Protein chains: 2
Amino acid sequence: MQGLMMQGQLTLTGIMRHAQSNFSEQEIVSVTTDNPRHRYTYGEAFQRVAKLASALEKLGARAGDCIGTLAWNDYRHFELYFATSCSGLVCHTINPRLFADQLIYIIQHAEDRLLFIDPMFVPLIESLESELSAVKGFVVLAPKAQMPKTRLPNVYCYEELLAAEDGNFDWPEIEESRAAALCYTSGTTGNPKGVLYSHRAIALHTYGVLLPDAFALQGCETVMPVVPMFHVNAWSLPYAAPVTGAKLVLPGPKMGCGESLCRLIREEGVHVTAGVPTVWLALQKYLRESALEIPSLQRVIVGGAACPWSIMQEFEERHGVYTHHAWGMTEMSPLGTFNGRVPDSLPAAEAKKRRLKAGRAVYGVEMRIVDDEGRELPRDGIAFGALQVRGPWVCERYFKAETSALTADGWFDTGDVATIDPQGYLGITDRTKDVIKSGGEWISSIELENIAVAMEGVQEAAVIGVAHEKWDERPLLVVVATPGSQPQPQQLLAGFDGKVASWWIPDDCLLVDEIPHTATGKTSKKDLRVKLRDYHWPQLDPA
Amino acid sequence: MQGLMMQGQLTLTGIMRHAQSNFSEQEIVSVTTDNPRHRYTYGEAFQRVAKLASALEKLGARAGDCIGTLAWNDYRHFELYFATSCSGLVCHTINPRLFADQLIYIIQHAEDRLLFIDPMFVPLIESLESELSAVKGFVVLAPKAQMPKTRLPNVYCYEELLAAEDGNFDWPEIEESRAAALCYTSGTTGNPKGVLYSHRAIALHTYGVLLPDAFALQGCETVMPVVPMFHVNAWSLPYAAPVTGAKLVLPGPKMGCGESLCRLIREEGVHVTAGVPTVWLALQKYLRESALEIPSLQRVIVGGAACPWSIMQEFEERHGVYTHHAWGMTEMSPLGTFNGRVPDSLPAAEAKKRRLKAGRAVYGVEMRIVDDEGRELPRDGIAFGALQVRGPWVCERYFKAETSALTADGWFDTGDVATIDPQGYLGITDRTKDVIKSGGEWISSIELENIAVAMEGVQEAAVIGVAHEKWDERPLLVVVATPGSQPQPQQLLAGFDGKVASWWIPDDCLLVDEIPHTATGKTSKKDLRVKLRDYHWPQLDPA
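In every chain, residue numbers begin from 1 and rise along the written sequence. To read the labels, note that chains go from A and ligands from 1, taken in the order they are written. Local features are withheld for residues below a pLDDT of 70 in this predicted model, meaning they are given only at 70 or higher, and side-chain atom pairs are given and counted only at 80 or more; totals for whole chains, interfaces and linings count all residues. Only heavy atoms go into the side-chain values, all of them from the structure, while hydrogens and water stay out.

(A) Main features of the nonpolar core. Take the buried Ala, Val, Leu, Ile, Met, Phe, Trp, Tyr and Cys residues and link them wherever side-chain atoms come within 4.5 Å; each set so joined is a nonpolar core. Whether a residue is buried, partly exposed or exposed follows from its accessible area with a 1.4 Å probe, protein chains only, as a fraction of its type maximum: under 20%, in between, or over 50%, in that order. If you look at the biggest cluster of nonpolar residues, it comprises 196 residues, and the most contacted ones within it are Phe 78, Phe 82 and Phe 116 of chain A together with Phe 78, Phe 82 and Phe 116 of chain B. Contacts are residue-level and defined by heavy atoms, with any inter-residue pair within 4.5 Å sufficient. The contact partners of Phe 82 of chain A, leaving out residues within four places of it in the chain, are Leu 12, Ile 15, Met 16, Phe 46, Val 49, Ser 87, Trp 171, Pro 238, Tyr 239 and Pro 242 of chain A.

Written as structure tokens, this is what we have:
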């Protein structure tokens with residue numbers, strides 16, 4: 001029997017209407033290249049959003065077209081989020097830090113009809129323009145006076161486009177299953193893959209993000225997303241803020257600058273902020289040096305990488321700020337788990353252990369861990385396996401892919417190896433491609449590396465699996481010694497005794513001058529494996 | 001273009017799985033007729049839910065069947081909520097306080113296949129049984145030892161049914177549009193009307209209820225619904241608690257008893273509770289008399305009727321408890337608006353004014369006010385009109401109705417007359433059927449009554465519209481004098497001078513011995529109009 005409730009589609013248009021009806025007087029504050037502190041209200045923002053939607057239509061954009069953005073966090077980017085999605089277009093946010101060939105691939109693959117670009121990215125786009133055959137026009141996010149000289153063809157000035165419109169736009173009814181936004185994820189191999197978010201996925205994800213044990217954003221609060229708006233919809237904060245009526249502070253291009261972040265927090269009274277660990281290192285460094293206080297700040301949401309305990313401690317002890325771990329991925333809109341406030345009654349050691357975990361599944365996301373045969377493993381906090389997820393804001397298929405991205409039984413494999421404890425807390429153990437498979441059992445490379453880097457004489461360490469005749473794979477420890485020290489391989493290997501099961505201990509240790517890194521500074525195990533492809537286990541190669 | 005995200009159906013099965021995976025160790029505490037303090041965990045609850053689902057199947061219940069419940073707030077009722085909905089049945093909660101003919105109508109109209117009844121309602125159902133041809137069996141919510149003697153046919157003992165099952169039940173995949181629950185609303189005229197909630201509506205409503213500016217329930221909190229589980233799904237708390245992992249305290253049959261509520265709050269450490277104003281009067285009276293403290297309690301959610309300021313003040317000043325107004329209706333699952341915490345910076349008079357309003361629309365609900373011709377009125381806090389709503393948890397059509405319950409342009413008319421201010425705060429002005437339509441303009445009967453009851457010598461007052469030759473309708477003030485006083489009608493009418501527009505002032509005043517009331521103690525304007533049907537305006541009837 002069918003229920004008899006209204007269909008009420010879950011769309012970003014609904015979010016826009018909700019903010020217009022309830023929070024038209026609330027502020028959005030931005031740093032842009034042409035204005036160090038732009039401020040206006042949600043009411044004014046959505047008037048401009050309507051103008052932008054009219055302008056997009058006049059520029060020939062039609063329902064389903066992708067509209068590319070290369071822009072920082074500011075009010076014009078916010079306007080693009082809504083003007084595109086709510087008029088039936090797809091907001092395709094592009095990471096300007098990608099390599100040129102990735103940018104070309106992404107823009108061509110998405111067939112971006114128009115590109116909206118911050119002035120500082122004009123030279124970058126000029127250098128690629130000859131390859132961007134899909135793009136019919138370029139709009140520079142600036143007022144007339146700040147328009148850069150450019151040799152780009154079909155260039156428009158954003159503020160001129162808006163000035164020509166009267167703000168009357170007839171928003172279409174949109175089905176919730178329609179595409180609203182697109183974001184590419186650049187894996188370590190192959191071409192970037194696009195995740196095509198539906199209106200429904202974003203609206204549901206926004207409800208999930210706002211749960212009291214997740215972002216918990218209130219209308220009386222001020223939130224500053226330091227995660228770029230080209231990273232998975234800035235973790236949905238540009239949607240969550242207008243849903244709650246929170247004041248939104250958009251920090252513009254200088255998101256890695258501690259001084260700039262500190263000034264915004266202090267001057268705008270920011271309560272909640274979100275970003276990757278490195279920006280918090282920059283902020284804390286600046287705070288130490290300047291001896292400034294940030295009394296308004298209450299919560300910092302950290303994702304993208306595990307947050308070191310030292311950052312969490314410094315926030316808490318010096319500033320009274322609570323740091324929350326969040327975990328997710330582009331394919332998950334992105335939120336999967338959130339580490340809410342642990343009860344005050346928990347003993348300190350227990351609290352630390354729990355807070356360093358990735359958190360609990362947000363309602364809407366289901367998780368499981370499975371072994372090599374896809375059998376579910378126990379949620380005991382000990383067993384670890386491939387982490388799989390499902391739910392209404394999880395990717396089902398990549399953009400223009402022929403086949404589903406899911407397992408035969410309908411789960412999305414995250415590429416992570418993890419534990420889940422009886423309270424539902426997720427512990428990320430390793431990446432699937434880095435875990436070492438020894439005799440049918442799995443060994444966490446990350447856990448071994450964490451032990452190794454704590455040893456004397458070790459500056460950097462990596463553990464990779466190397467093919468082994470008997471055990472399929474065995475762990476190999478690769479170490480860069482601290483300058484001036486000469487650690488002995490056998491001594492380093494002995495350092496694992498008693499810290500892990502004996503069969504986890506690496507079979508050999510190599511001292512090297514350098515371990516290869518990716519562009520973002522992480523260990524590149526892929527390159528390390530290539531570098532060591534001629535390595536053989538000592539006992540198999542007695543010469 | 002379609003988005004490419006997983007479909008992930010929004011079902012109550014998803015809520016059950018979420019709680020099982022994450023909060024299996026959290027407690028549910030109940031008062032029942034057979035146990036003053038039953039306690040078990042969500043893990044144990046959902047094991048029994050699976051047993052109950054098997055038992056329902058064995059009793060012949062098939063997908064789409066309605067299963068009636070006449071029960072108080074306890075763990076067995078909680079089990080029924082999930083075992084029915086998650087196995088494809090419809091959980092039909094019935095208000096045992098209804099008149100016999102309404103109960104018969106409702107049970108027959110829903111074609112309840114089985115009735116699950118608390119032992120105390122066995123005599124009631126025995127008295128109706130001959131008329132309940134749809135019902136194939138009666139299950140008494142008790143262990144074997146507490147089974148009452150009964151002449152009901154086909155009677156089962158709840159605990160015996162569960163004891164026969166092993167807890168292995170293969171939950172079906174359910175589409176989110178399917179019916180999950182049914183609740184009848186008894187209007188003042190005509191037969192009760194059923195609202196048939198879909199899984200989707202309940203799941204989305206649960207997200208809405210949990211927003212940080214609404215119920216804001218956290219996993220570390222304890223919540224006690226004092227609103228009965230037969231009233232619109234106890235305002236969704238039996239769903240919201242397992243979504244968040246909050247400890248759930250179900251107060252059983254004595255929900256109007258201040259002593260019982262106080263004991264539960266103190267002994268179980270309740271942080272959040274919800275119910276109608278009268279239960280808080282009972283609680284506050286007991287607290288004054290006993291001089292007991294309720295230090296754990298932080299928030300009280302009040303709905304069903306406007307909460308008097310005196311209750312809000314007493315909670316705040318004596319107990320440090322914040323009272324929130326919520327507004328909704330059976331047709332809205334029920335939440336429409338919620339009055340979150342007002343900023344501390346608001347001046348006291350302004351804060352009081354705002355807190356007495358019904359609150360702001362919860363994201364998911366859209367509201368508008370319209371005039372007699374359905375034209376939208378301004379959101380200026382002054383204009384008032386018929387309040388209409390829409391959204392995914394609003395009723396589209398009553399159960400078994402031939403026609404839609406919506407306006408031609410797709411809105412649900414609430415039957416309330418209201419204002420909406422520029423910040424989105426809703427002020428309920430009157431019921432549509434009670435508002436007085438004078439010369440094409442509306443006059444609020446409630447506002448006039450509030451002024452009248454503050455006058456000396458007035459014990460009770462009602463204002464109704466009476467037909468008028470020139471103005472269509474004019475207000476008539478009806479007053480019951482305070483014992484011993486003899487207020488003069490002309491003096492009372494003069495008391496409105498300067499308090500309302502002159503054309504709002506009633507044209508006449510009648511002193512009566514009694515104003516009729518409904519069963520729940522509210523003024524029955526319907527009966528008052530019948531009583532005064534022969535009344536004529538003095539100037540039209542100079543005799």
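There's more to say after this.
(B) Summary view of the pairing of strand β17 (residues 366-370) of chain A. Residue and element names in this part refer to chain A. In this description a helix means any DSSP run of H or I spanning at least four residues, a strand means any run of E spanning at least two, and both kinds are numbered starting from the N terminus. Most of β17 is tucked away: 4 of the 5 residues are buried. DSSP bridges decide pairing: two strands pair if at least two such bridges lie between them. Relative to strand β18 (residues 385-390), β17 runs antiparallel, the two sharing 5 bridges. Among the inter-strand pairings, Met 367 is bridged to a residue of β18, identified as Val 389.

(C) Looking closely at the pattern of salt bridges. Residues and elements named next belong to chain A. Any carboxyl oxygen of Asp or Glu within 4 Å of a side-chain nitrogen of Lys or Arg constitutes a salt bridge here. Under the definition given, this model contains 66 salt bridges over all chains. Residues Asp 34 and Arg 76 are paired through a salt bridge, measuring 2.9 Å at the closest nitrogen-oxygen approach. Within this pair, whereas Asp 34 is found in the loop between β1 (27-30) and β2 (38-41), its partner Arg 76 is found in helix α3 (residues 75-86), the two being separated by 42 residues in sequence. Since its relative accessible area comes to 3%, Arg 76 is described here as buried. Glu 314 is the partner of Arg 288 in a salt bridge, and the nearest nitrogen-oxygen pair spans 2.7 Å. Note that Arg 288 is positioned in helix α11 (residues 277-290) and Glu 314 in helix α12 (residues 309-319), a separation of 26 residues in sequence.

(D) Here's a closer look at the packing of helix α1 (residues 12-22) of chain A against helix α9 (residues 237-244) of chain A. Residues and elements named next belong to chain A. α9 packs onto α1 with a crossing angle of 40° between their chain directions and a minimal axis gap of 7 Å. The pairing of α1 with α9 is recorded here as oblique in orientation. In this structure, α1 crosses over α9, and the sense of that crossing is left-handed. Note on element contacts: α9 touches α1 through Tyr 239, Pro 242 and Val 243, opposite Leu 12, Ile 15, His 18 and Ala 19. Residues are sorted three ways: Asp, Glu, Lys and Arg are charged, Ala, Val, Leu, Ile, Met, Phe, Trp, Tyr, Cys and Pro are nonpolar, and all the rest, Gly among them, are polar. Taken together, the residues of the contact of α1 with α9 break down into 6 nonpolar, 1 polar and no charged. The axes are straight lines fitted to the C-alpha atoms, using for helices just the contacting stretch, and the angles between their N-to-C directions are given from 0 to 180°. Working definition: roughly parallel below 35 degrees, roughly antiparallel above 145 degrees, roughly perpendicular at 65 to 115 degrees, and oblique for all remaining angles. Here a crossing is taken to be left-handed if its near helix is turned anticlockwise relative to the far helix by less than a right angle, and right-handed if that turn runs clockwise.

(E) Quick peek at the sheet that holds strand β8 (residues 179-185) of chain A. Residues and elements named next belong to chain A. With mixed pairing, the 7 strands of this open sheet are ordered in space as β7-β6-β5-β3-β4-β8-β9. Two strands bound the open sheet, and with one partner strand each, they are β7 (155-157) and β9 (193-198). When the angles between neighbouring strand axes are averaged without regard to direction, this sheet yields 25°. With 2 bridges connecting them, strand β4 (residues 90-93) and β8 associate as parallel partners.

(F) Representation of the packing of aromatic side chains in the model. Classification of ring pairs uses Phe, Tyr and Trp, with its six-membered ring standing for Trp, and accepts pairs whose centres are within 6.5 Å; under 30 degrees between planes counts as stacked, over 60 as edge-to-face, and the remaining range as tilted. Here the structure, examined in full by the defined rule, presents 37 aromatic pairs over all chains. Note on Tyr 207 of chain A and Tyr 363 of chain B: the rings are 4.8 Å apart at their centroids and 35° apart in plane angle, and the pair reads as tilted. Taken as a pair, Tyr 207 of chain A in helix α7 (residues 199-209) and Tyr 363 of chain B in the loop between β16 (359-361) and β17 (366-370) lie in two separate chains rather than in one. Ring geometry for Trp 503 of chain A versus Trp 504 of chain A: centroids 6.2 Å apart, planes at 75°, classification edge-to-face. On the basis of relative accessibility, which here comes to 37%, the residue Trp 503 of chain A falls in the partly exposed class.

(G) A look at the interface of chain A and chain B. Chain A puts 72 residues into the contact, and the matching count from chain B is 72 residues. The term buried area refers to how much accessible surface (probe radius 1.4 Å) is lost by two components on association, counted for both of them together. For the pair chain A and chain B, the summed buried surface comes to about 5900 Å²; carbon and sulfur atoms form 55% of the total. Per-residue buried area on chain A facing chain B is highest for Met 1, Met 6 and Tyr 363 of chain A; these three make up 17% of the total on that side. With a closest N to O distance of 2.7 Å, Arg 17 of chain B and Glu 366 of chain A form a salt bridge. Polar contacts, as counted here, are pairs of nitrogen or oxygen atoms within 3.5 Å of one another; within protein the pair requires one atom able to donate a hydrogen and one able to accept it, and residues that are adjacent in sequence qualify only if both atoms are side-chain atoms. Run the count over chain A and chain B and you get 34 residue pairs in polar contact (both at pLDDT 80 or more). A class-by-class count of the residues in the side of chain A that touches chain B yields 34 nonpolar, 24 polar and 14 charged.

(H) Structural detail: the pairing of strand β11 (residues 247-250) of chain A. Residues and elements named next belong to chain A. Residue alternation in β11 divides its side chains into two sets, Lys 247 and Val 249 and Leu 248 and Leu 250, and both sets are buried. Inspection of the sheet shows β1 paired to β11 by 3 bridges, in the parallel sense. When the sheet's bridge partners are listed, Ile 28 is paired in β11 with Leu 248. Across 2 bridges, strand β10 (residues 222-225) lies against β11 in parallel orientation. Paired with Thr 222 across the strands is Lys 247, a residue of β11.

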